[in-house]
Amino acid sequence: MSEEMSITSYLAQGGVLTNPSNVPPRYRAELMKLMATFVDSELAGAAGFADIINEGPGIKARIAAARIVLEKTDHAEKVLRIMGDFGADTERYADHHPWTARLEREADIGQSRTKHDMRLAVFNYPLEGWADAVVMNFLMGRAVVLQLEELSHVSYQPLAEAFRAILPVETRHAELAEEGLMVLVEAQGPDGLQELVDYWWPRVAASFGQEDSEKFEGLKAMGLRRTPNADLKARWQQDAADILDKAGLKPAA
Amino acid sequence: MARFHDLEVTDVRKTIRDAVVVTLKPVNGAAEAFDFTQGQYLTFRRDFDGEELRRSYSICAGKDEGILQVGIKRVDGGAFSTWANTELKAGDTLQAMAPMGTFFTPLDGTAEKHYLGFAGGSGITPVLSILKTTLAEEPKSSFTLVYANKGVNTIMFREELEDLKNLYMGRFNVIHVLESDAQEIDLFTGLVTEEKCAQLFEHWIDIENVDTAFICGPEPMMLGIAAALRSAGLDDSQIKFELFASAQPGRAKRKAAATDAASSANQTKAAITLDGATQTIEMGKDMTLLDAALENAMDAPYACKAGVCSTCRCKVLEGEVEMVANHALEDYEVEKGYVLSCQAYPVTDNVVVDYDQ
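Residues numbered from 1 in each chain as written. Chains lettered and ligands numbered in written order. Predicted model: local features only at pLDDT ≥ 70, side-chain atom pairs only at ≥ 80, totals over all residues.

1. Re the overall build of chain A
For step 1, the next point in the chain: Helices and strands together make up the secondary structure of chain A, namely nine helices and zero strands.
For step 2, the next point in the chain: When the helices and strands of chain A are read in sequence order from the N terminus, they spell out α-α-α-α-α-α-α-α-α.
For step 3, the next point in the chain: The C-alpha radius of gyration computed for chain A amounts to 19 Å, which stays within 12% of the reference 18 Å derived for 253 residues, consistent with globular compactness.
For step 4, the next point in the chain: Across chain A, every contact between residues at least 6 apart in sequence was considered, and the portion connecting residues at least 24 apart equals 70%. (Helix = DSSP H or I, 4+ residues; strand = E, 2+ residues; numbered from the N terminus. Rg over C-alpha atoms; globule rule 2.2 N^0.38 Å. Contact = placed C-beta atoms within 7 Å.)

2. Some points on the sheet that holds strand β12 (residues 267–274) of chain B
Residue and element names in this part refer to chain B.
For step 1, the next point in the chain: Read from one edge to the other, the open sheet built from five strands follows the order β13-β12-β18-β14-β16, with strand pairing classed as mixed. The open sheet has two free edges, formed respectively by β13 (277–284) and β16 (338–340), since each of these has just one partner strand. Mean inter-strand twist for the sheet, computed between neighbouring axes without regard to direction, equals 35°.
For step 2, the next point in the chain: Inspection of the sheet shows β12 paired to β13 by eight bridges, in the antiparallel sense. Opposite T273, over in β13, you have T278 as the bridge partner. (Pairing = 2+ DSSP bridges. Axes fitted to C-alpha atoms, helices over the stretch in contact; angles between N-to-C directions.)

3. Considering the nonpolar core
For step 1, the next point in the chain: Ranked by size, the top nonpolar core spans 135 residues in total, and within it V79, V135 and L139 of chain A together with I215 and I225 of chain B carry the most contacts.
For step 2, the next point in the chain: With twelve residues, the single largest contributor to this core is helix α5 (residues 130–151) of chain A.
For step 3, the next point in the chain: Viewed by domain, this core spans two of them, domain 1 (4–97) and domain 2 (114–242) of chain B, each represented by three or more residues.
For step 4, the next point in the chain: Contact partners of I225 of chain B, with chain neighbours within four places excluded, come to F118, V192, C197 and I215 of chain B.
For step 5, the next point in the chain: A292, Y338, L340 and V351 of chain B belong to the second-largest nonpolar core, a separate cluster that totals 21 residues. (Core = buried A, V, L, I, M, F, W, Y, C linked by C-beta atoms within 7 Å. Buried ≥ 20, exposed ≤ 12 C-beta atoms within 10 Å, placed from the backbone. Domains from an automatic or database assignment.)

4. Some thoughts on unusual backbone geometry
Residue and element names in this part refer to chain B.
For step 1, the next point in the chain: Despite not being glycine, F157 shows a phi value in the positive range, around 60°.
For step 2, the next point in the chain: Of note in this structure, A297 is not a glycine but carries a positive phi near 65°.
For step 3, the next point in the chain: Take A297: it is sitting in the loop between α6 (289–295) and β14 (313–318).
For step 4, the next point in the chain: Here A297 falls in the exposed class, since 8 other C-beta atoms lie within 10 Å of it.

5. Digging into the pairing of strand β3 (residues 41–48) of chain B
Residues and elements named next belong to chain B.
For step 1, the next point in the chain: By the bridge criterion, eight bridges tie β3 to strand β4 (residues 51–58) in an arrangement that is antiparallel. Bridge pairing in β4 places F48 opposite E51.
For step 2, the next point in the chain: For β3 and strand β6 (residues 93–97), the ladder comprises two bridges, and the chain directions are antiparallel. By the bridge assignment for β6, R45 is matched with Q95.

6. Things to note about the sheet that holds strand β11 (residues 239–242) of chain B
Residue and element names in this part refer to chain B.
For step 1, the next point in the chain: The strand order across the open sheet built from five strands is β9-β8-β7-β10-β11, with neighbouring strands paired in parallel fashion. In the strand order of this sheet, the two ends are held by β9 (172–178) and β11, each with one partner. On average, each strand axis in the sheet is tilted by 15° relative to the strand beside it, whichever way the strands run.
For step 2, the next point in the chain: Pairing analysis gives four bridges linking strand β10 (residues 212–216) to β11, with the strands arranged parallel. By the bridge assignment for β11, C216 is matched with E242.
For step 3, the next point in the chain: In this fold helix α5 (residues 219–231) packs onto β7 (114–120), β8 (142–149), β10 and β11, with an angle of close to 165° to the strand it touches most, β10.

7. Section: α5 of chain A
For step 1, the next point in the chain: Taking 1.5 Å per residue, 22 residues should reach 32 Å; α5 of chain A reaches 30 Å between its end C-alpha atoms and fits that length.
For step 2, the next point in the chain: Of all 22 residues making up α5 of chain A, 17 are buried, and the element is well covered by its neighbours. (Expected span 1.5 Å × (residues − 1).)

8. With respect to the packing of α5 of chain A against helix α6 (residues 157–188) of chain A
Residues and elements named next belong to chain A.
For step 1, the next point in the chain: Look at α5 against α6: their axes get within 8 Å of each other, and the N-to-C directions meet at 150°. Of the possible angle classes, the one that applies to α5 and α6 is roughly antiparallel. Between α5 and α6 the crossing geometry is left-handed. Mapping the contact onto sequence places A131, V134, V135, N137, F138, G141, R142, V144, V145, L148, E149 and L151 in α5 and F163, I166, L167, E170, T171, H173, A174, A177, E178, G180, L181 and L184 in α6.
For step 2, the next point in the chain: In terms of residue class, the contact of α5 with α6 is made up of 15 nonpolar, five polar and four charged. (Parallel < 35°, antiparallel > 145°, perpendicular 65-115°, else oblique. Left-handed = near helix turned anticlockwise from the far one by under 90°. Nonpolar A, V, L, I, M, F, W, Y, C, P; charged D, E, K, R; others polar.)

9. A word on the confidence of the model for chain B
Detailed reading of the predicted coordinates is not advisable wherever pLDDT falls low.
For step 1, the next point in the chain: The predicted model of chain B averages 88 in pLDDT, with 90% of residues at 70 or higher.
For step 2, the next point in the chain: ipTM for the predicted complex: 0.78, alongside a pTM of 0.77. (pLDDT = per-residue confidence, 0-100.)

10. Some points on the packing of helix α3 (residues 59–85) of chain A against α6 of chain A
All names here are of chain A.
For step 1, the next point in the chain: Closest axis-to-axis distance for the α3/α6 pair is 10 Å, and the angle between their directions is 165°. Compared by their axis directions, α3 and α6 come out roughly antiparallel. As α3 runs across α6, the sense of the crossing is left-handed. In this structure, α3 uses A61, A64, I68, E71, H75, K78, V79 and I82 to contact α6, whose residues at the interface are P158, L159, A162, I166, V169, H173, L176 and G180.
For step 2, the next point in the chain: Residues of the contact of α3 with α6, tallied by class, amount to eleven nonpolar, three polar and two charged.

11. A look at the environment of G209 of chain A
Residue and element names in this part refer to chain A.
For step 1, the next point in the chain: Looking at the element boundaries, G209 is found in the loop between α7 (191–206) and α8 (215–221).
For step 2, the next point in the chain: Sequence separation of G209 and A241 is 32 residues, and the distance between their C-alpha atoms is 19 Å.
For step 3, the next point in the chain: In contact with G209, not counting residues within four places along its chain, are Q111 and N229.

12. Looking at the environment of F49 of chain A
Residues and elements named next belong to chain A.
For step 1, the next point in the chain: You can see F49 is positioned in helix α2 (residues 25–50).
For step 2, the next point in the chain: When the C-alpha positions of F49 and F138 are compared, they lie 13 Å apart, and in sequence the two are 89 residues distant.
For step 3, the next point in the chain: The residues touching F49, leaving out its near neighbours within four places in the chain, are A65, I68, V69 and A133.

Dropping the structure here:
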C-alpha cells in the first residue's frame, strides 16, 4: 500500500477529504470561502426574514416564516461548526456582525459582496413587506435547492454530509414560499406580484456567479464544483419559470 | 479557538515493529471532553526543537471499552510518530484537543444492518473503533472487514481481530489482503484495487445488502474502493471516508535570520492584544507576529500557518508589517489593516496589533 499519490491528483480523481489536517492550503482557502458564503447568506437571510414574520397573513403564514428563520439559522450553525474545525472562532463569528444590515433597494451592486461579509449579493437588498418576502424567498429558494444539490457532492466529506442534511429542509422552504405565492395570487391576482418578480429575478440570477468563471476549472479539480454556473442558472430559469407560469406570472424580461 | 487538554499516558504497547497503541487518561477534569464517538480522532501538539507540531491520530478503542486509546504508526521522517514510537512512555503527559471527526454513523440497538469496512495499514485504527462499538451496541448487525497490508508481520491488531472473530462468531468476518505474502486464495494477494473489490463482491461479500461502507487507507486505495462501491450501487451517503494523508503540509521556513540581532534595526517592539490582554514584547524583524506571540506564551489563534485559513488574522493598529503570503484576506480587509499574523513580519521599530478586532 505504498503507492504515492498527491492530494491534488487524488482530488482530481474524485477523492474525498475528511478532516482539516490533510486539506491543502489553496483548497482550504476555497473551502473556507464556500462555507463562509453559505453561513453568511443563511444568517443574513434569516435575519432579514425575521422582521417579516409579523407581517404574515394569519397564524399559519407566520409559523411558516418563523420556521424558515429558525431552520436557516440552524443550517448556518451546522456549517459554521465545520469552520470551527478549521480554527474559526464560531461564537465570535456569529455575533460579530449585524446580519440584518441591508443596502438601499436600488443599490446597484451586481454580484459583488459588501465589504463586511461573504453573503451572496442578493441578501443585501431589503425586503419590503410580506409579498416581497414571499417572492424573494420563492425565487431564491429554488436557486438554493439547485445550488445545494451541486454542493452536496463537495469533496470535503463533513461539509457534503451537512449539505445533504440541509437540502431537504431548504427544499421545504422553497415549497412553503411557492404555497405562499399561490395564496397571494389567489387573493390579489398577479399584477402587483409581477413587479416584485421583475425586481428579484435578475438579482437572484446573479447569485449563480459569473458565467465564464475562470475559477470554475480550479474548483472542479478540487472536487468543490461539478456543474458550471451557466448550467445551474439555466436550470433555475426553467424551473422557476415553470412555477411562475402556473401562478400567471412570468420571468423578468 | 482550539483548546488543548492534558492527558496522562497510562500505557504504551507495541502492536507491530513500528506502531504503538497509546492508552490515555484525561486529567484535570477533562474526562467529559474526551467522551468520543467511535471513529473519531485526536489532535496532539508537542514542541520539537522549539517548533510546535500538531498531528492527528485516530482512536482505536471501542466506546464500550471505557478507555481512550490511539494507534500511532511510525512514518519515515515523521517527528511526532517517531518520538511516540521510541520515547513516549507511561507516566508522560500529552496534550490533545477534544475528539473530532465525523467518520461514523449513528448506532441503534435494534438495527439489523450489514457494515463493510476497508482498512489499509494503519487505517485500521478508526475502523477498529467503529467495528468494536458497532458489534457491541447493535447485537443484530454484522460487520465485514477487508484489511490490506504489505505482509503478515505488518498487520496491526492481528490478534485482537482474531479474538473479535471468536467473540462475535457469525457476525464479524475479516478478509486479509496481503500485498507481498502469498495466501491460499489468489484473490487475497495483491493490492485492494477497484477490480479486486469487484471480484470480492462477486463471491465473498454480499454487497447488495451492505448498508454502509467505511474506508480508511491511502489515497489510491480509497479511490479504487469507492469506485467499486459506486458501481455496485452504493450512493455517496452510504460511503464514509477517513483520510490521513501521509504527506503532511510543509512548514514555512523563517526568512533568512538577521546577522546582527543586537542592532536595533533588526528589533521591533510589538504590543500584541489577545483576549483583552496586551503584552509588549521585543521581537526580531525576522520573525512573524504569530510566532512572536506564541513564543511569549500567548495562545494566539492559528491553524495552517500558511496564510490561508485566516484563523490567525489580526489588525495592525500602529506601525507597518509585511505579509509574505496571503491566500485568505481580500483586498478590502488588507486595506483596513488586517494581516495574517503567520505571514506578517514587522517593518517598523514599533508595531501595535490586535487579535480581538
